[in-house]
Amino acid sequence: MASANTTTVDSTRAPQVVYHEAIGRFALRGAGQPGPRPVSAPLADPSGVPALQHEDGVDAALRHTVHALLVGVQEKQVMEHALQVQESGEFDGAAVVASA
């Protein structure tokens, strides 16, 4: 069994890695603007405009999530880049997790 810092994962086969840009833009639709035509499922609006101002934060969150899925949550949390809870006061809309 490999140690936490030496685990290798063939991430090139994971669709979340291959299509990360499209997945990120899809995730950003919920915070974006509606498209020009009405739809019955607004969060899946194919013509919706994603909220690109949040792209970096969403990309980071999705990368951490996919990495945890690929290597395992327990192993991810003992790695150098484990997620840390941000210990600030009130939620101000900024990122609620910070990469170590």
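Residues numbered from 1 in each chain as written. Predicted model: local features only at pLDDT ≥ 70, side-chain atom pairs only at ≥ 80, totals over all residues. Heavy atoms only, no water.

**Student:** Before we go on, may I ask you to explain the environment of Lys76 in this structure?
**Tutor:** Tracing the backbone shows Lys76 in helix 4 (residues 73-77). Residue Lys76 is classed as buried on the basis of its relative accessible area, which comes to 3%. Beyond its immediate sequence surroundings of up to four residues, Lys76 is in contact with His64, His67, Ala68, Val71, His81 and Ala82. (Helix = DSSP H or I, 4+ residues; strand = E, 2+ residues; numbered from the N terminus. Buried < 20%, exposed > 50% of the residue type's maximum accessible area, 1.4 Å probe, protein only. Contact = heavy atoms within 4.5 Å.)

**Student:** Please clarify how the pattern of salt bridges should be interpreted in this entry.
**Tutor:** Oppositely charged side chains are able to pair whenever their charged atoms sit close together. Summed over all chains, the structure comprises 1 salt bridge. Across the salt bridge formed by Asp59 and Arg63, the nearest N and O atoms sit 2.8 Å from each other. Placement of the pair is Asp59 and Arg63 together in helix 3 (residues 55-71), with a separation of 4 residues, close to one helical turn. Taking the relative accessible area as the measure of exposure, Asp59 reaches 26% and is therefore partly exposed. (Salt bridge = Lys/Arg side-chain N within 4 Å of Asp/Glu carboxyl O.)

**Student:** I would appreciate a short explanation of the packing of helix 2 (residues 20-27) against helix 3 in the present structure.
**Tutor:** Packed helices, taken two at a time, are described by the angle between their axes plus the distance between the axes. Contact pair helix 2 / helix 3: the axes reach a minimum separation of 10 Å and the direction vectors enclose 120°. Of the possible angle classes, the one that applies to helix 2 and helix 3 is oblique. By crossing handedness, the relation of helix 2 to helix 3 is classed as right-handed. On helix 3, the residues touching His20, Ile23, Gly24, Arg25 and Ala27 of helix 2 are Glu55, Val58, Asp59, Leu62 and Arg63. In the contact of helix 2 with helix 3, the residues fall into 4 nonpolar, 2 polar and 4 charged. (Axes fitted to C-alpha atoms, helices over the stretch in contact; angles between N-to-C directions. Parallel < 35°, antiparallel > 145°, perpendicular 65-115°, else oblique. Left-handed = near helix turned anticlockwise from the far one by under 90°. Nonpolar A, V, L, I, M, F, W, Y, C, P; charged D, E, K, R; others polar.)

**Student:** Just to check I follow, could you spell out a nonpolar patch on the surface for this structure?
**Tutor:** Judged by side-chain polarity, Val18, Tyr19 and Ile23 come together as a nonpolar surface patch covering roughly 290 Å² of accessible area. Mapping Val18 onto the fold places it in helix 1 (residues 15-18). (Patch = residues over 30% accessible without salt bridge, like charges linked within 9 Å, V, L, I, M, F, W, Y side chains within 5 Å. Areas by Shrake-Rupley, 256 points an atom, 1.4 Å probe, with all protein chains shown as cover.)

**Student:** Where do I start with helix 3 in this structure?
**Tutor:** Note on helix geometry: an α-helix contains 3.6 residues per turn, so any two residues three or four positions apart are oriented the same way. When the terminal C-alpha atoms of helix 3 are compared, their 24 Å separation across 17 residues agrees well with the 24 Å that a helix rising 1.5 Å per residue should span. Three or more residues of helix 3 are buried, namely His64, Val66, Ala68 and Val71. Looking at the residues trailing helix 3, positive phi occurs at Gly72, about 105°. (Expected span 1.5 Å × (residues − 1).)

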